[in-house]
Amino acid sequence: MFYPLYALASQFSPEPKSSGIEVLEADNFRMNCLQTLTGVKFMVISDPKQSGIDGLLHRIYELYADFALKNPFYSLEMPIRCELFDEHMKSALEHSEKLGISNV
Amino acid sequence: MTGLIRRTFVALDEEIFKSLYVALIRPHLEYANQPRRHCEMTIYNLYLFDRDGQLLYYAEWTRKKQSGMTKDEEAKLMYGMIFSMKSFVTKVSPVDLREGYMSYATNKYCLNLYETPSKLKFVLNTDTHAQGIKELLHQLYTQVYVEYVVFNPLCSLNKPIESELFATKLDEVVKQSPAYASRPA
């Protein structure tokens with residue numbers, strides 16, 4: 001559902017060569033989106049006051065590359081069911097939350 | 001500063017004055033000019049939709065890339081996008097949009113949406129550094145739309161706005177805001 005919005009955003013841009021939506025902000029939440037060169041999108045929904053989401057997105061991209069793509073049993077376009085990926089993801093999220101809250 | 005130079009030296013050659021100027025005065029001027037460049041913000045264009053999705057008004061200040069569609073198509077597509085975005089936000093957000101304001105940013109521009117309680121939608125495209133757009137849109141609604149359209153007996157609320165007074169006043173309010181820079185970005 002979000003995918004067409006992302007594509008439309010770059011089409012409507014008044015400046016040439018715009019990317020798709022990178023940050024969507026409303027009253028109670030902020031959503032950050034990172035689109036990789038292969039078209040995979042990583043989206044993080046957080047509190048508007050949380051900082052450091054960009055770093056978190058890149059860290060998640062790294063984890064995806066390490067645990068999902070290098071895993072010989074994982075096939076592309078399927079949901080990721082890898083324990084190590086989940087564990088590392090959890091610790092990255094906690095780490096980012098701790099850092100983010102201390103910055104506020 | 002120039003007075004200081006003039007008073008200090010008995011014989012002031014043009015060359016000496018020039019070198020003193022470059023050494024003493026110009027750094028101050030360059031320093032003063034710099035901060036303005038960093039807070040340059042631009043407003044690109046504005047769309048105004050009514051509760052049924054009809055485009056009531058479109059204004060453009062700077063726009064470097066056209067979207068390759070006719071105005072009508074673009075307006076319909078824009079409204080569709082905003083509608084989907086609002087439903088997406090309502091699904092994700094724990095509480096409804098109380099203030100009626102939402103924005104997204106890409107790497108080149110920022111789209112701000114302000115929805116009034118009467119379902120009128122103001123969509124403003126600015127650059128990514130613009131601040132205070134929520135207040136600007138609220139101001140546009142109260143000081144321009146309500147004054148010059150709602151109170152105008154000749155303007156019917158469901159038709160595109162043709163009032164020139166509205167256009168001039170809108171332009172004025174936007175240009176006066178700190179988010180508008182007269183130099184193209």
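This text goes with the structure placed above it.
The following paragraphs examine the structure supplied in this document. Remember, it's a predicted structure, so these values are computed and weren't measured experimentally.

Calculation criteria
Residues numbered from 1 in each chain as written. Chains lettered and ligands numbered in written order. Predicted model: local features only at pLDDT ≥ 70, side-chain atom pairs only at ≥ 80, totals over all residues. Heavy atoms only, no water. Phe/Tyr/Trp six-rings, centres within 6.5 Å; stacked < 30°, edge-to-face > 60°. Buried < 20%, exposed > 50% of the residue type's maximum accessible area, 1.4 Å probe, protein only. Helix = DSSP H or I, 4+ residues; strand = E, 2+ residues; numbered from the N terminus. Contact = heavy atoms within 4.5 Å. Polar contact = N/O pair within 3.5 Å; in protein donor to acceptor, adjacent residues only side chain to side chain. Nonpolar A, V, L, I, M, F, W, Y, C, P; charged D, E, K, R; others polar. Pairing = 2+ DSSP bridges.

**Quick look at the packing of aromatic side chains**
Residues and elements named next belong to chain B.
Item 1. Inspection of every chain in the model, using the stated rule, returns 11 aromatic pairs over all chains.
Item 2. Between Tyr47 and Phe49, the aromatic rings sit 6.2 Å apart at their centres with planes inclined by 5°, giving stacked as the arrangement.
Item 3. Given the relative accessible area of 1%, Tyr47 is considered buried.
Item 4. Here Phe49 falls in the buried class, since its relative accessible area comes to 0%.
Item 5. A centroid spacing of 6.0 Å and a plane angle of 70° characterise the contact between Phe122 and Tyr141, whose relative ring orientation is edge-to-face. Taken as a pair, Phe122 in strand 5 (residues 121-126) and Tyr141 in helix 4 (residues 133-150) lie far apart in primary sequence, 19 residues in all. Each member of the pair, Phe122 together with Tyr141, is buried.
Item 6. Three or more aromatic residues joined by ring pairs make a cluster, and in this case those are Tyr47, Phe49, Tyr58, Tyr79 and Phe83.

**Some details on the interface of chain B and chain A**
Item 1. With 34 residues of chain B at the contact, the number on the chain A side is 27 residues.
Item 2. In this assembly, chain B and chain A are joined by 3 residue pairs in polar contact (both at pLDDT 80 or more).
Item 3. Among the elements of the structure, helix 3 (71-92) and strand 3 (101-105) of chain B are those that each provide at least two residues to the side of chain B that touches chain A.
Item 4. Here the side of chain B that touches chain A gets 11 residues from one element, more than from any other, and that element is helix 3 of chain B.
Item 5. Its residues placed into classes, the side of chain B that touches chain A shows 17 nonpolar, 8 polar and 9 charged.
Item 6. With 3 bridges joining them, strand 1 (residues 23-25) of chain A and strand 3 of chain B adopt antiparallel strand pairing. Considered in strand 3 of chain B, the bridge of Glu25 of chain A is made with Ser103 of chain B.

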